[in-house]
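Tertiary structure, described
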Amino acid sequence: MVIGATGQIGRAAVTALAGDGWEVTAVSRGGARDESWPAEVRTARADRADDAALSAAVGDGCEVLVDVVAYRPEHARQLVSLADRVGSAVVVSSISVYEDDKGRNFDTQGEPDGFPEYPVPLAEGQRTVTPGESSYSTRKAGLERELLAAGEQLPTTLLRAGAIHGPYCRTPRELYFVKRNLDGRTRRVLPFGGLSRFHPASVHNIAELIRLAAARPGSRALNAVDPDAPTVAEIAAAIDAVMGVETETVLLDGPPPAPTVGDTPWSVPVPVVCDMSAADRELGYQPVVARYADRLPETVAWIEGHLAGRDWREAYPKMFQAYGDLFDYAAEDAYLDSLGA
């Protein structure tokens, strides 16, 4: 059973599991079916916030429950309550649960000297934030802690995903460069020398990890990222190549000069690059997407199609909520003009 089956990761996970011979039930709030799924995939309607509906969807039980929309400790308790009817679980988490050895994390990055300095590569043994209700990261940490503590009742593989990319994303980081190209912006500003690296994770690689973990139950937390971690400048250039445009990049040594100038969704002062050796060791994992750029055309095409004829805030409201105004061209032009002066 896949909870959140019609989302970005869920669609790919259903396809991967069905292709591996599993009898898959795709659960979503609308009970919809993706046209790419095999005909034998069953669908069910349930809102994961409704305990009774989710319990009814599980029915007599399943061998593996995949949850791609678990965000809070209560979601962990909800899954554990079903343990007598579920063999094992695979739950998507986030690399945002990590903090560095000084207690700095993604929640402190806006404070002076607040951005974490993680080891490179970042392995699963790195400490994590204290669970709580203050942020996405602390809620995910609480989710993880409760599921790992319930390992004997419900063996769970937690997949700590990086910067997820692929079609059907509601907050695609690639929008930052795709929309600029569509709007004919020929110059862009990149802070930190364009060298920021925030490890991407293809939905297809995450789906492969889900497929492998389904067949190898265990209580564990594993990173879920791509083999490569391109810089933000390399990502921008790859998107330009897909769209057939040429742009000029203004590189800055330091941070963004203003909140709405150059602050891309990948812009971090130090690299966030994860180690994948544990997934290889635990699951025999080999990525199905070798390079970020390999599946970029489908991501760009999806963004362009979803954006067509609409204001970007209407097309991607969660992107606006998460990042604010990414396209303040007036502020950007004023800054670029000041450089020219």
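This is a predicted model, so every value here is computed, not measured.

Some details on the overall build of the protein
The number of helices and strands found in the protein is 12 helices and 11 strands. Its C-alpha radius of gyration of 20 Å places the protein within 12% of the 20 Å reference for a compact globule of 341 residues. The C-alpha extent of the protein, read off along each of the three principal axes, is 70 × 45 × 35 Å. Counting all 341 residues of the protein, 52% fall into the buried class. If you take every contact in the protein between residues at least 6 apart in sequence, the share linking residues at least 24 apart comes to 77%. A total of about 14,600 Å² of accessible surface is found on the protein, and carbon and sulfur atoms cover 48% of it. Placing the 33 positive and 49 negative side-chain charges of the protein at their respective mean positions leaves the two points 3 Å apart.

What about unusual backbone geometry?
Backbone torsion omega between Val120 and Pro121 reads 0°, so that peptide bond is classified as cis. Its place among the elements puts Pro121 in the loop between β5 (86-94) and α4 (136-149). With a phi angle near 70°, Tyr168 is a residue other than glycine that sits in the positive phi range.

Rules used in this analysis
- Residues numbered from 1 in each chain as written.
- Predicted model: local features only at pLDDT ≥ 70, side-chain atom pairs only at ≥ 80, totals over all residues.
- Heavy atoms only, no water.
- Helix = DSSP H or I, 4+ residues; strand = E, 2+ residues; numbered from the N terminus.
- Rg over C-alpha atoms; globule rule 2.2 N^0.38 Å.
- Buried < 20%, exposed > 50% of the residue type's maximum accessible area, 1.4 Å probe, protein only.
- Contact = heavy atoms within 4.5 Å.
- Areas by Shrake-Rupley, 256 points an atom, 1.4 Å probe, with all protein chains shown as cover.
- Lys, Arg positive; Asp, Glu negative; His and termini not counted.
- Charge placed at Lys NZ, Arg CZ, Asp CG, Glu CD.

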